[in-house]
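A look at the structure
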Amino acid sequence: MNIAANNGVWSGSWVAERLGVELVGDDGLTALLGLALRRNPRRAHLLVSNVLGKHVPQSPTVVYGHGFALGRRVRDLLGETEAARAVVVGYAETATGLGHAVADGIGLAPYLHSTRRPVAGVAPAGGFEEAHSHATSHLLLPEDPALLAADGPLVLVDDEFSTGNTVLNTIRDLHARYPRKRYVVVALVDMRSQADAGRLTSFAEEIGARVDLLAAASGTVKLPEGVLEKGQELVARYEGGAATGDQPSAAPSGPAAQFPAPLTGAALEVGFKSPHVGARGTARSAPGGPQPTDNRTTPHPTRVDLHWPPGLPDGGRHGFTPAHRIRLESALPLMAARVAEALPPDARRVLTLGFEELMYTPLRIARELEALVAAEVRYSTTTRSPVLAVDDPGYAIRSRLVFPAHDNPADGPGERYAYNVAGAGFDAVVLFVDSAGDTPELHAPGGLLALLGAHAPHVLLAAVPSYVPALPEESPAMLPEPLRGPAFSSYPAEDVGWLLQDLSDVTLEAPTEEREEAIQSGGAHYAESLPVEYQPSEQYQALFHAALETSAARIAQAVGVVTETVMAERSPRPVLVSLARAGTPVGVLMRRWAQFRYGLDLPHYAVSIVRGRGIDANALRWLAAHHDPRDVVFVDGWTGKGAITRELADAVAEFEARAGVSGFDPEIAVLADPGSCVRTYGTREDFLIPSACLNSTVSGLISRTVLRSDLVGPDDFHGAKFYRELAGADVSVAFLDAVAARFAEVAESVDAAVKELAVTDRTPTWEGWAAVERISEEYGIHDVNLVKPGVGETTRVLLRRVPWKILARAGAGADLDHVRLLAEQRGVPVEEVGELPYTCVGLIHPKYTRGATGADGRAVNL
């Protein structure tokens, strides 16, 4: 808050008094920044800017002026010649508008901002991590790939530097792809420690480039001992509704409702997502509609047709050139005039509200509007960042609105926020969204428009066309978005996106004996049909639940180990890609571990891979268009002899050679690696993973995948069925919940195991493959594809194929109870073997025909 507007109270004093936090640095630093609290395992406090236009409504002239002035300083630093060759990159979501204003100040610099919104068909030209953020992955999606390939200075713009890690990650990624001699990093506030500042200097020497840094102000944050724990306790107390005199009220009023006059400052957008559970400073959507803090309502927003220039980008997501800038400048006065005409004539205070990454366009129109109307115009934007609201003049976030995401985000649904809007006394709110955000969720009773209508008598909506680059004519056909529950699968939508097509209405099932004969005779591939889904008996279900109760902690331990290993060695924010369907429960559990331990919402998809046919190339194409392939980590449940491991490596190499895409790491991360086929695993023990005991009813009610030429075209995803009719027997979510409930108790042992693995030689020995070859010859099978090692693969043989016999390691205990039961039901002998690298091995009947020994009619109805 402005000192004048708060009777001399600094908007960081509430936090400073309770946590002992100090801002030390340039004169007036405390006038530039306020403080707030967020739930975060690394930092309790949040620096809140008065001029960024994100959390705190501010004059649009002030917001734009600060960015433009920084751009002028960059131009002076570089000189006219080098400034004309510069390219500016801003950071999503907070600095997209700031970076664009800096580019304006430089003059002729094209602008690109990172984005968390992938666009189908647009391949990333780079990507990097913002490790401290609540949503870390950044994509660079320029329409013109040459934009980043030039060798002129690269100007990187963020709202605030805290450690400099984001800048280092960015330069490291881009310098490896597009090396250049000079970088300039720009921020409103530089709050790095002396040690962090030295790291940037050392890094510049390491890469042999000059790196300059410009900031409007600089300082440091002094933190007392134990501040993190005290901050977490304070957030928890207020989120639960503290019964003290410090309890936040519903909305500010009177002098406290006024927002800052011109100042300078910055905000740090970080924080792990945590649900708000009723602090009175929050107004949020509810099933019955919004629960406002006052009684004002508006039935429908007034739409404003901006007459947006055709083909003009709505911002810098795909690049914004000097030619684009000229078109926008010409159109701004008329667009602002249309907004002014739609405002009520007696409006005294008007808020122009942008939408997440869409900051620059609303800012520029708001700045023009400020010169046209007599009303006081303020500007801010919605955000993904969750921050505690406390109605106190000494606290920077006085109120917040909480509403569902309304742009169908690639990482699934979630909460979004608008700060210091509720109860702030605005007579009108003009909401700017791009067309991708103008969805039914926006207009729903519990959506953002309804909440705004509860706090302002007039709401206007201006939709800007979402700019999508034209794809080259030779580009492959556009692929659909992933299927998600509950329409496809019983998993929640955020748990997994299925890169599959829905074949639920197609009859694909065939009797097991017919399938086996067709497969072994070469008349059909196993992926061209489905076995009839096995319906477990009460006795078998009891075995499943007993096994789950016994092994839940053991599975939780393996989940933690493999997830921590992936994040430490493969990517700090991996994109999990499960091999459907056995890998899918494991991928969901890994995603849940990342949420439990770090508050991360990792993207997770499921794709099809078919032995002998490879991985779904269209799924890889979709992933490459939406994520950096280097972040993709393939996930499966377990390894047997390693056939899929080899299949994936060959398929990825073939895809990259054909598609011209690189970066996918074909090594699978698995829960269990008894075959010693991979380096990334939770354990190498061959034990019972209960999800292997069942089929679709423990895998979101999804069938195994199908690849048949009459159903799957060259531009289609592989297919699968959603068995909605089996909902009564579904234990998919129950399995996940049972394992996730044990995360806390295994956390310490996971840490110890990860440290031990880090110094262990994990080079695959492929001993499982050697054992399978030996067994194949010893038993006269002469086909390794008919030997299925491990508890999981043996279970699959008994559920889907025609088994011949089961080899069990002598002394194997409860891990094989379900195997023995299924073998008894099917009349299959179980032979104990003294030396076996697996707990058990399933042998498919060789050269099967329906009259072959071993299929004696006692088979269950598969």
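Keep in mind that what you see is a predicted model, and the values were worked out from it rather than measured.

**Concerning the overall build of the chain**
Secondary structure assignment for the chain yields 21 helices and 34 strands. Taking contacts inside the chain between residues at least 6 apart in sequence as the whole, the part at least 24 apart equals 79%.

**A few points about the sheet that holds strand 31 (residues 787–789)**
Adjacent strands of a sheet pair through backbone hydrogen bonds, lying either parallel or antiparallel. A sheet is described by the order of its strands in space; here four strands give the open sequence 31-34-32-33, paired in mixed fashion. Where the open sheet ends on each side, the last strands, each with one partner, are strand 31 and strand 33 (830–833). Across this sheet, the average inter-strand angle for adjacent strands is 20°, counted without regard to direction. Two elements, strand 32 (residues 803–809) and strand 34 (residues 840–844), share five bridges in a ladder whose sense is antiparallel. Bridge pairing in strand 34 places L807 opposite V841. Docked against the sheet, helix 19 (residues 767–778) engages strand 31, strand 32 and strand 34, running at close to 140° with respect to strand 31.

**Here we look at the pairing of strand 24 (residues 604–607)**
In strand 24, alternate side chains face the same way, and those of H604 and A606 on one face and Y605 and V607 on the other are all buried. Sheet analysis places strand 23 (residues 575–579) next to strand 24, joined by four bridges and oriented parallel. Across the sheet, V577 pairs through a bridge with Y605, a residue of strand 24. Crossover handedness for the path strand 23 to helix 14 (residues 583–598) to strand 24: right-handed.

**Remarks on the pairing of strand 14 (residues 376–382)**
Counted residue by residue, strand 14 has six buried out of seven residues, so it is predominantly covered. Where strand 13 (residues 349–355) meets strand 14, seven bridges bridge the pair, whose relative direction is parallel. Within strand 14, the residue paired with L353 across the bridge is S380. Remark: the strand 13/helix 9 (residues 360–372)/strand 14 crossover connection has right-handed handedness.

**Some thoughts on the packing of aromatic side chains**
With the rule as written, the count across this model stands at 14 aromatic pairs. Taken together, a centroid distance of 5.3 Å and an interplanar angle of 85° make the contact between W14 and Y238 edge-to-face. Separated by 224 residues along the polypeptide, W14 in helix 1 (residues 13–19) and Y238 in helix 7 (residues 227–239) bring together distant segments of the chain. For W14, a relative accessible area of 2% corresponds to the buried category.

**So, the pattern of salt bridges**
Counting across every chain of the model gives 45 salt bridges. We note a salt bridge from D212 to R182, for which the minimum N-O separation is 3.1 Å. With D212 in strand 10 (residues 210–222) and R182 in strand 9 (residues 182–190), this pair connects stretches of sequence that are 30 residues apart. R182 carries the same exposure label as D212, and that label is buried. Of the charged contacts, one joins R684 and D673 as a salt bridge, the two residues approaching to 2.9 Å between their closest N and O atoms. Taken together, the residues R684 in the loop between strand 29 (680–683) and strand 30 (719–720) and D673 in the loop between strand 28 (665–672) and strand 29 connect sequence positions eleven residues apart. Given a relative accessible area of 0%, D673 falls into the buried group.

**A word on the packing of helix 13 (residues 538–569) against helix 14**
Closest axis-to-axis distance for the helix 13/helix 14 pair is 9 Å, and the angle between their directions is 75°. The angle between the axes of helix 13 and helix 14 places the two elements in the roughly perpendicular class. In contact with I555, A556, V559, G560, V562, T563, E564, V566 and M567 of helix 13, helix 14 contributes L589, M590, W593, A594, R597 and Y598. Of the residues assigned to the contact of helix 13 with helix 14, the class counts are eleven nonpolar, two polar and two charged.

**So, helix 13**
Structurally, the α-helix is built with 3.6 residues per turn, so residues lying three or four positions apart point the same way. Between its first and last C-alpha, helix 13 extends 43 Å over 32 residues, near the 46 Å set by a 1.5 Å rise per residue. At S551, helix 13 shows its strongest bend, of approximately 55°.

**Re the confidence of the model for the chain**
Mean pLDDT for the chain: 82, with 85% of residues reaching 70 or above. Below a pLDDT of 50 lies the segment residues 1–5, which in the model reaches 18 contacts outside its immediate sequence neighbourhood of four places, other chains included. When the criterion is pLDDT under 50, residues 129–136 qualifies, and its contacts beyond four places in sequence or with other chains add up to 41 contacts.

**Considering the side chain of T96**
Mapped onto the fold, T96 is located in helix 4 (residues 96–106). The exposure class assigned to T96 is buried, which follows from its relative accessible area of 2%. Within the local environment of T96, its side chain forms a polar contact with the backbone oxygen of E93, the two atoms lying 3.3 Å apart. Leaving out residues up to four positions away in the same chain, T96 has contacts with Y91, Y111, H113, S114, E357 and M359.

**Structural notes on the nonpolar core**
The biggest cluster of nonpolar side chains holds 113 residues, and the ones touching the most others in it are L37, L148, V155, I171, L306 and Y395. Other than its neighbours up to four places away in sequence, L37 contacts W14, V15, L19, A44, H45, L234, V235, V387, L388 and Y395. Counting 104 residues, the second-largest nonpolar core is a separate cluster that includes A619, V678, A692 and L799.

**Some words on the sheet that holds strand 10**
The strand order across the open sheet formed by six strands is 1-10-9-8-4-5, and the pairing between neighbours is mixed. One side of each edge strand has no neighbouring strand; the edge strands of this open sheet are strand 1 (22–25) and strand 5 (111–113). Across the sheet, the mean angle separating the axes of adjacent strands is 25° when strand polarity is ignored. The strands that helix 3 (residues 60–83) touches are strand 8 (154–161), strand 9 and strand 10; relative to strand 9, the one it contacts most, it runs at about 145°.

**Here's the deal with unusual backbone geometry**
Between A92 and the following residue, E93, the backbone shows a cis peptide bond with an omega angle of -5°. Mapped onto the secondary structure, E93 falls in the loop between strand 4 (87–90) and helix 4. Of note, the phi angle at E356 is positive, near 50°, even though the residue is not glycine. Residue position: E356 is located in the loop between strand 13 and helix 9. For E356, a relative accessible area of 7% corresponds to the buried category.

What counts, and where the lines are drawn
Residues numbered from 1 in each chain as written. Predicted model: local features only at pLDDT ≥ 70, side-chain atom pairs only at ≥ 80, totals over all residues. Heavy atoms only, no water. Helix = DSSP H or I, 4+ residues; strand = E, 2+ residues; numbered from the N terminus. Contact = heavy atoms within 4.5 Å. Pairing = 2+ DSSP bridges. Axes fitted to C-alpha atoms, helices over the stretch in contact; angles between N-to-C directions. Buried < 20%, exposed > 50% of the residue type's maximum accessible area, 1.4 Å probe, protein only. Right-handed = clockwise from strand over helix to strand, strands pointing away. Phe/Tyr/Trp six-rings, centres within 6.5 Å; stacked < 30°, edge-to-face > 60°. Salt bridge = Lys/Arg side-chain N within 4 Å of Asp/Glu carboxyl O. Parallel < 35°, antiparallel > 145°, perpendicular 65-115°, else oblique. Nonpolar A, V, L, I, M, F, W, Y, C, P; charged D, E, K, R; others polar. Expected span 1.5 Å × (residues − 1). Bend = angle between axes of the 7 residues up to and from the residue. pLDDT = per-residue confidence, 0-100. Polar contact = N/O pair within 3.5 Å; in protein donor to acceptor, adjacent residues only side chain to side chain. Core = buried A, V, L, I, M, F, W, Y, C linked by side-chain atoms within 4.5 Å.

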